[in-house]
Each structure stands twice: as C-alpha cells, then as structure tokens.
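Understanding the architecture of this molecule
What follows is each chain in one-letter form.
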Amino acid sequence: MNTLNLQLVNNPLQIAHAYYAALRKEVTEGNPWLTADEQRQLQSHYDVMMDAVHNPPELAAMIYSSRRAPAVRAIRESDNPIVFDAGCGYGSESFLFAALGAKVLAVDRSAEQIAIARKRQQYYENLFARPLAITFVNADLNRYTPQYTNLSLTWLASVLAAIPDQEGLLTRIHCATRDSGQIMITDMNLLNPLFLINEWRRRRRNLSASPEFARHANFAAMLRRKERTGARYFERADGTLVDDVQFFTTGTLSQLLRKVGFVPLRPAYSGWLPPRLYRPGFATVETAMNRVPVLRSLAYFYLVTGQKLPQ
Ligand SMILES: C[S@@+](CC[C@H](N)C(=O)[O-])C[C@H]1O[C@@H](n2cnc3c(N)ncnc32)[C@H](O)[C@@H]1O
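Residues numbered from 1 in each chain as written. Predicted model: local features only at pLDDT ≥ 70, side-chain atom pairs only at ≥ 80, totals over all residues. Heavy atoms only, no water.

**Quick notes on the site of the ligand**
- In the vicinity of the ligand, 15 residues are found, and the nearest of them are G87, D108, D140, L141 and A157.
- Here R109 contributes a backbone N or O atom positioned 3.1 Å from a nitrogen atom of the ligand.
- A distance of 3.1 Å separates an oxygen atom of the ligand from a polar side-chain atom of Q113.
- Summarising the interface, the protein chains cover 85% of the accessible area of the ligand, which totals 600 Å² for the free molecule.
- Tallied by class, residues from the shell around the ligand come to six nonpolar, six polar and three charged. (Near = heavy atom within 4 Å. Polar contact = N/O pair within 3.5 Å; in protein donor to acceptor, adjacent residues only side chain to side chain. Areas by Shrake-Rupley, 256 points an atom, 1.4 Å probe, with all protein chains shown as cover. Nonpolar A, V, L, I, M, F, W, Y, C, P; charged D, E, K, R; others polar.)

**Here we look at a nonpolar patch on the surface**
- Nonpolar side chains collect at one region of the surface, where L191, V292, L295 and L298 lie side by side and expose about 280 Å² of accessible area between them.
- Among the secondary structure elements, L191 is positioned in the loop between β5 (177–188) and α8 (193–206).
- Judged by its relative accessible area of 40%, L191 falls in the partly exposed class. (Patch = residues over 30% accessible without salt bridge, like charges linked within 9 Å, V, L, I, M, F, W, Y side chains within 5 Å. Salt bridge = Lys/Arg side-chain N within 4 Å of Asp/Glu carboxyl O. Helix = DSSP H or I, 4+ residues; strand = E, 2+ residues; numbered from the N terminus. Buried < 20%, exposed > 50% of the residue type's maximum accessible area, 1.4 Å probe, protein only.)

**A few points about the pattern of salt bridges**
- In the structure shown here, the tally under the stated rule is 14 salt bridges.
- For the salt bridge of R202 with E199, the shortest nitrogen-to-oxygen distance reads 2.9 Å. Of the two residues, R202 and E199 are both situated in helix α8; the distance of three residues between them amounts to about one turn of the helix.
- Note on R202: relative accessible area 22%, which makes it partly exposed.
- Note on E199: relative accessible area 4%, which makes it buried.
- With a closest N to O distance of 2.8 Å, D244 and R232 form a salt bridge. With a gap of 12 residues between them, D244 in strand β7 (residues 241–244) and R232 in strand β6 (residues 232–235) connect regions that are remote in the sequence.
- Residue D244 is classed as buried on the basis of its relative accessible area, which comes to 0%.

**Examining the packing of aromatic side chains**
- Summed over all chains, the structure comprises 13 aromatic pairs.
- Consider the rings of F95 and Y124, whose centres lie 4.8 Å apart with planes at 10°: the pair is stacked. Here F95 is found in helix α5 (residues 92–99), whereas its partner Y124 is found in helix α6 (residues 111–128), with 29 residues between them in sequence.
- Judged by relative accessible area, which is 0%, F95 ranks as buried. (Phe/Tyr/Trp six-rings, centres within 6.5 Å; stacked < 30°, edge-to-face > 60°.)

**Quick notes on the pairing of strand β2 (residues 103–108)**
- Burial analysis of β2 places five of its six residues in the buried class, which makes it a mostly covered element.
- Across five bridges, the pairing between strand β1 (residues 82–86) and β2 is parallel. Of the residues in β2, the one forming a bridge with V83 is V104.
- After leaving β1, the chain enters α5 and then returns to the sheet as β2, a path that is right-handed.
- Judged from the five bridges that link them, β2 and strand β3 (residues 134–138) form a sheet pairing that is parallel. From the neighbouring strand, D108 faces β3, where its bridge partner is N138. (Pairing = 2+ DSSP bridges. Right-handed = clockwise from strand over helix to strand, strands pointing away.)

So this is what it looks like as structure tokens:
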C-alpha cells in the first residue's frame, strides 16, 4: 500500500480532497481488515461513491472536501488539538482528524459501526504510516458527557437532527470545550428546496406506518422549530421506529448555539447543483454560488461554526 502524508499538504481544501480520494478507494476497492458483510455496510453508507453515474465523483469530492476543510484548518491552527467526533458512524472523519495530529474522541450509539470503525483504523494507520490517537466509544449522545474538558473542536456531521435533547447535548459540549475552542455542525439545509421536498415526501410515506407519528408529527412546526427541542421517535406496528427528526436552517441553529453559550460565526455552504445537472467543469459554478448572498443560503449543505469565547 502506498502511504499518504497529509502533513505535507498546505491547503486545507487539498488535504480534505486527498483524504476523500483515499476514502473512496477504501470504500469502492475494499479494506482487507473488513469482512465482506462489513465492507457492504460501509459501501451502503457511502452510496454516493458506489453510484458514480448519478453522483459524479468530481462533484462528490468537491462537496466532501469543502464541508471538511474548515475542520482541517481549525485542527492545523490549534495547539494540542483534541477533537470530539460526535456521531462518528464508521469513523472516517476521525481518521482524517487524527492523521493531522489530533487526539480524537469518537462516539456513536451504533455498536456495529463502532466495531467496524475500530477495524478500519489499522488500514488508515498503514496508509498514514503512523499510529492514530483515537478512542472509539459506543454511547448515546443524548446522555453522554465527553470525557475531556479541553476540547479544541467538536465535529457533528449529519447527527444533531437525530438527537432528542439537542440543547442538552450542545450545553455539555460547551462545558467540555476550551476557551476559543469551536464546534462545527454540518447537515442538510432546511432552506434547500430539493431537500425540503424529499423530507416532506419521506414523512408523507410514514404517515400510514404509525398512527402516533401521523397524530404528532407536524412538518410546519419542525420547519419553524416551534415547541420542539429535538428529534422524536414513534413506534411502528412491527416495533421499529419512525423518526420525526428536527433539522435546522442556519438561522435556527445559530440561535440555539447562542443560547448554550457559543458565538456563531458566518455559516459556510456547499452543494447547489443537484448531481444530475452537474457537468465536468462546473466546479467554478459551485465556487461562484458561495459568493451570491441570498443564493448561497439555499445550498444543500450548511456548516455552522460556534466559538467559545474566553470566560
Ligand atoms: C448519518 S450518520 C453520520 C455519521 C458520520 N458523522 C458521517 O458524517 O459519516 C448519523 C450517525 O449518528 C449516529 N447517531 C444518531 N443518534 C445518535 C445518538 N443519540 N447517540 C449517538 N450516535 C447517534 C448514528 O448511529 C449514525 O452513525
């Protein structure tokens, strides 16, 4: 296996881009430390990588790297970086952060995903030719308190919407963050028309699955974050759960961050082009859209950063 030294690359966007190429290779070509079943699970998490026809690899790489570049920059600019990867899933970003020299605490409630993440670590230690300082923990973030009190960065990617007590989690993270430390939250944007329609359709389909969900879930209340503190779950007849997740706009998320003590910074956005409309060379369109004030806030993904001011 060829090794990869991310410390030699200067630009955070290029670092995230180089890492994405390595991740894509592992997912699509195979990781020898995983069983065939585990590899399939990883592939189904990264369905975008597995369907290159509908998801042009160039676009996927650009969106992936622009969403991770702010975290890469923060880690490189931090002394003794300590990162909390909250809802780490299969651990991919933990490997990236640790490869940049961070000590990483990676937590997820799925024991299966944590087990696969632990097995993947060997692959990435070989790739980066160095040990990676990651502690993987299987726990429920709704109750979990980070075991460090000097976090330089918390990374929440596509997780917060699924947490029932969002304010409680963010408050515990704020307490565990060092002065001038940051939290970065990235997810799908409620203001993006494509996401909004798909989420509305998904909920329509679930109305018949759970009478409780049909009675209590209120799409408009979720949009306005009215009388809501986070995700709610309702049981189907077969015992599985229907989720009434609480997504955000950058406005409602910034408000919540302010409430728990973080100072929200200017949000970043990525992913304006629906994959089907993408053509090679459209990278400049993505970059240009980020400069148009109203249009930029309609992107598919946001990244909101909050900073803890020195007390
Ligand atoms: C969409 S995945 C995102 C994973 C990873 N952050 C990424 O960007 O690839 C959401 C993850 O959040 C985890 N999760 C959801 N609710 C959780 C909770 N209450 N406590 C811990 N993890 C949770 C799920 O198990 C899943 O791995």
